Amino acid sequence: MSKRVAEALFPNIKMTYQEAEALYPPRDLPEGAVCTRFAPSPTGFMHIGGLYTALLNSIFTRSRGGVFFLRIEDTDQKRQIENGVTEIINALDEFQIHFDEGAIGETEDSGRYGPYRQSLRKEIYQTFAKYLVEIDRAYPCFCTSDELEAIREKQEAAEALQKGYYGEWAACRNLDEETVLKRIANGDRWIVRLRSGGRLGVSRVYHDMIRGDISMQENILDAVIIKGDGLPTYHFAHVVDDHLMRTTDVIRADEWIASIPLHVEMFEMLDFPVPRYTHLSPIMKNEAKEDGEGISRRKLSKRKDPEARVGYYDEAGYPIPAVLDYLLTIGSADYEPWREENMDASIFDFSLDLSKSGAAGALFDFDKLNNVAKKRVGHMSEEQIFASVSAWAGRYDAKLNSFIEHNADIFRKSITVWHERRLDVAKWSDLMELYPYMYDPAFTVDAALPDAFLPHKERIPEILGDYLETFDYDDDSNEWFNKVKEVAVRHNYCVKMGAYKKRPEDYNGSIADLSSFIRYALTGTTNTPDLHGIIHVIGKDAAVSRVEAFRSKLANR
RNA sequence: GGCCCGGUGGUCAAGCGGCUAAGACACCGCCCUUUCACGGCGGUAACACGGGUUCGAUUCCCGUCCGGGUCACCA
């Protein structure tokens, strides 16, 4: 009955349902293997939430075996940005997320289930849209946005239980064929809508791997499937693509939960098997409420939150595996214990059970990220660190880069100093922040004394003078510290911490106090790696002149 | 507003009818100590609220509250 309408709508579509189907045969996957995808829109820089979704898809697929592909959802031409696809591919590649099939460049694809960008699949979507019109499960709609608005207003006024384009409200749903044909011939603008068979008020149970059974009303909306530009909406493209590309598991953000009934209805209308759905909780952030007191959580936002951009982590110099570790720590409660046991294993060897992923959105926690990153850095070899820092500094830190270029050996030595038995560094931008006294040629210590030094103030110049007197750059660590101890004894600073704690009143202070004077003179701070090591990074001249400068500043006040 | 999802310490998060309610991060303290750290040990701190069901509820049911999502020719 609607064959004529279908033909009028899509005169150029010659392919049939069966022919399209035959183009994409079922995959020959081993028992238990899966097929998954990551399907971003090239509308801007990569979002951390997108990376998270991609990562979980990837690890899930690796642990089950199967195929993981990259599909570009570029059906909204207004929102496209230049080089959007490249942006996505580079970001994913940088984070070690690799695909078996899909887009591999701005215009190139790899794999036999393509094209993997939706803008190139117009004919395929239209083939199935045409089919739905033929079997009367879809129809053209001529409503303008003004008319749509008018319907909405009427629904408001009538206090309709459900708003939207459906049933009686769907003005174009029951136009007679002659009218439709005439309007098409007349050149009236049209789109294609689903003729939903769902019933208002009738619920049905849908399944999600994380949330389990979800009871929702059947879809009743006559959703748009083909837009005015001939391209499909997300919903329709999802159904057609994930069927033809033989996706077994759709793992996506939880904002799609509400669309499950629509998607399932379309799968069923087209006689496609429904894939398993897994909806991932978003990464959240706390925010002060705009109107008054309290805080609320919201999703990490591209616009407001710098940490939402994956580029942020790269710029800050977080090692890639650290970011991945953190993301998976959020993604699966099983991950941390596993990582503890398998510190050197690839993250992709983790066996991910998605049903154990949390249903509530996790708050992004920088403390935790930094902790995870520090452990990661702690496990990197110094060679790896050298390579990673060099590459990073080359891109983001001219000062540090210049230091490395001119003092590669010293820089290597310095890595040992802060890396061995320490967990201070989470990201490469910490280096200049934490250790300007090693890496900044212009470094000087200002003479403002820490409060803790005040009781010792009068003695410090003399102590430093004595220290300098016996200082020998060629001393090894033991010799050097023994001399420090000698100075300590001479000034009645206790060299055994245990003894000092028992009778502090017997001494001017402890070796800890005295060491911190030297430490501060050298570095301007009281928390640093091993001093002997630092001395041999900054060199003999600086090791002497800084102490001398600090001493004379104090003495001359 | 309708519908859906969620709500265990500051954060992440085990728990799946009976526990002194794990663990990690952060914080604090102690120990170790050749300083700084690392490490070890310990501590503060939680089942949103109200009803049920049950011999017994963090766990099951209902309601309330709070948070999030969704109701587009955007994805």
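Quick caveat: nothing in here was measured; it's all calculated off a predicted structure.

Chemist: Help me out: how do you make sense of the overall build of chain A in this one?
Modeler: Counting secondary structure elements, chain A contains 24 helices and 16 strands. Each of the three principal axes of chain A carries a C-alpha extent, and together these read 110 × 50 × 40 Å. For chain A, with 557 residues in total, the buried portion stands at 50%. By sequence separation, contacts in chain A at least 24 residues apart represent 71% of the contacts at least 6 residues apart. Here chain A displays about 26400 Å² of accessible surface, and carbon together with sulfur accounts for 49% of that area.

Chemist: Help me understand the packing of aromatic side chains, please; the structure alone is not making it clear to me.
Modeler: Any pair of aromatic rings gets described here by the distance separating the centres and the angle formed by the planes. Within the structure shown, the criterion is met by 35 aromatic pairs. Relative to Trp338, the ring of Tyr335 lies with its centre 5.7 Å away and its plane at 35 degrees, an arrangement referred to as tilted. Separated by three residues within a single helix, Tyr335 and Trp338 lie in helix α12 (residues 335–341), roughly one turn from each other. For Tyr335, a relative accessible area of 1% gives the class buried.

Chemist: I keep staring at the sheet that holds strand β1 (residues 34–38) and nothing clicks. Help me out?
Modeler: Hydrogen bonds between backbone groups are what pair the strands of a sheet, and the pairing can be parallel or antiparallel. The strand order across the open sheet built from four strands is β1-β2-β3-β4, with neighbouring strands paired in mixed fashion. The strands lining the two open edges of the sheet, one partner per strand, are β1 and β4 (109–110). By the bridge criterion, two bridges tie strand β2 (residues 66–70) to strand β3 (residues 101–103) in an arrangement that is parallel. Its bridge partner lying in β3, Phe69 is registered against Glu101. Along the sheet, helix α3 (residues 48–64) contacts β1 and β2; its crossing angle with β1, the most-contacted strand, is approximately 165 degrees.

Chemist: What exactly am I supposed to notice about helix α11 (residues 320–331) here?
Modeler: Side chains three or four residues apart in an α-helix point the same way, a direct result of the helix having 3.6 residues per turn. For α11, with 12 residues, the first-to-last C-alpha span of 17 Å sits near the 16 Å given by 1.5 Å per residue. Within α11, 11 of the 12 residues are buried, which leaves the element mostly enclosed by the surrounding structure. Every buried residue of α11 is listed here: Ile320, Ala322, Val323, Leu324, Asp325, Tyr326, Leu327, Leu328, Thr329, Ile330 and Gly331.

Chemist: Looking at this model, I keep getting lost on the protein's contact with RNA strand B. Mind explaining?
Modeler: Neighbouring RNA strand B are 53 residues, the closest being Lys227, Lys368, Arg422, Asn478 and Arg519. If you look at RNA strand B and keep only atoms within 4 Å of the protein, 74% of those are sugar or phosphate atoms. Here a sugar or linking oxygen of RNA strand B sits 3.4 Å away from a polar atom, N or O, in the side chain of Asn371. A breakdown of the residues in the surface near RNA strand B according to their chemical character gives 20 nonpolar, 11 polar and 22 charged.

Chemist: Is there a simple way to explain the confidence of the model for chain A in this structure?
Modeler: Atom-level detail of predicted coordinates should not be read off regions where pLDDT is low. Confidence in the prediction of chain A, expressed as mean pLDDT, is 92, and 98% of residues score 70 or more. In the model output, the complex is listed with pTM 0.92 alongside ipTM 0.93.

Chemist: What is the right way to look at the pattern of salt bridges in this model?
Modeler: Where side chains of opposite charge bring their charged atoms close, a pairing between them can arise. Tallied over the entire structure, the rule returns 42 salt bridges. The partner of Lys78 in a salt bridge is Asp76, with the nearest N and O atoms 3.9 Å apart. Assessed through its relative accessible area of 77%, Lys78 is described here as exposed. On the basis of relative accessibility, which here comes to 24%, the residue Asp76 falls in the partly exposed class. Each of Arg37, Arg71, Glu73, Arg121, Asp241 and Asp242 takes part in a single network of salt bridges with overlapping partners.

Chemist: Just checking my understanding: could you explain the nonpolar core for this structure?
Modeler: The tendency in soluble globular proteins is for nonpolar side chains to be buried as a group. Core analysis: the biggest nonpolar cluster contains 58 residues, and Phe128, Leu132, Tyr165, Ile225, Ile226, Phe236 and Leu270 have the highest contact counts within it. With near-sequence residues (within four places) excluded, Leu270 lies in contact with Tyr17, Phe128, Tyr131, Leu132, Phe236 and Val239. In terms of nonpolar packing, the next biggest core, distinct from the first, is built from 55 residues, Met380, Val389, Ile518 and Ala521 among them.

Chemist: Looking at this structure, I do not really get the packing of helix α14 (residues 382–396) against helix α15 (residues 398–406). What am I missing?
Modeler: To describe two helices that pack against each other, one gives the angle between their axes and the distance between the axes. Where α14 meets α15, the axes come as close as 7 Å, and the angle between the chain directions of the two elements is 130 degrees. It follows that α14 is oblique to α15 by the angle criterion. The two elements α14 and α15 meet at a crossing, and its hand is left-handed. Residues Phe386, Val389, Ser390, Trp392, Ala393, Gly394 and Tyr396 of α14 pack against Ala398, Leu400, Asn401 and Ile404 of α15. Residues that form the contact of α14 with α15 fall into these classes: eight nonpolar, three polar and no charged.

Chemist: Would you mind going over α15 with me for this structure?
Modeler: Along α15, the residues classified as buried are Leu400, Asn401, Phe403 and Ile404. Along the axis of α15, the buried positions cluster into a sector of 160 degrees, meaning they face one direction only. Opposite the buried face of α15, by more than 90 degrees, sit the exposed residues Ala398, Glu405 and His406. Looking at the packing, one finds that the buried side of α15 touches α14, α16 (408–419), α17 (429–434) and α18 (436–439). Of the residues that open α15, the one with a side-chain oxygen 3.2 Å from the backbone nitrogen of Lys399 is Asp397.

Parameters and conventions
Residues numbered from 1 in each chain as written. Chains lettered and ligands numbered in written order. Predicted model: local features only at pLDDT ≥ 70, side-chain atom pairs only at ≥ 80, totals over all residues. Heavy atoms only, no water. Helix = DSSP H or I, 4+ residues; strand = E, 2+ residues; numbered from the N terminus. Buried < 20%, exposed > 50% of the residue type's maximum accessible area, 1.4 Å probe, protein only. Contact = heavy atoms within 4.5 Å. Areas by Shrake-Rupley, 256 points an atom, 1.4 Å probe, with all protein chains shown as cover. Phe/Tyr/Trp six-rings, centres within 6.5 Å; stacked < 30°, edge-to-face > 60°. Pairing = 2+ DSSP bridges. Axes fitted to C-alpha atoms, helices over the stretch in contact; angles between N-to-C directions. Expected span 1.5 Å × (residues − 1). Near = heavy atom within 4 Å. Polar contact = N/O pair within 3.5 Å; in protein donor to acceptor, adjacent residues only side chain to side chain. Nonpolar A, V, L, I, M, F, W, Y, C, P; charged D, E, K, R; others polar. pLDDT = per-residue confidence, 0-100. Salt bridge = Lys/Arg side-chain N within 4 Å of Asp/Glu carboxyl O. Core = buried A, V, L, I, M, F, W, Y, C linked by side-chain atoms within 4.5 Å. Parallel < 35°, antiparallel > 145°, perpendicular 65-115°, else oblique. Left-handed = near helix turned anticlockwise from the far one by under 90°. Arc of directions from axis to C-beta.

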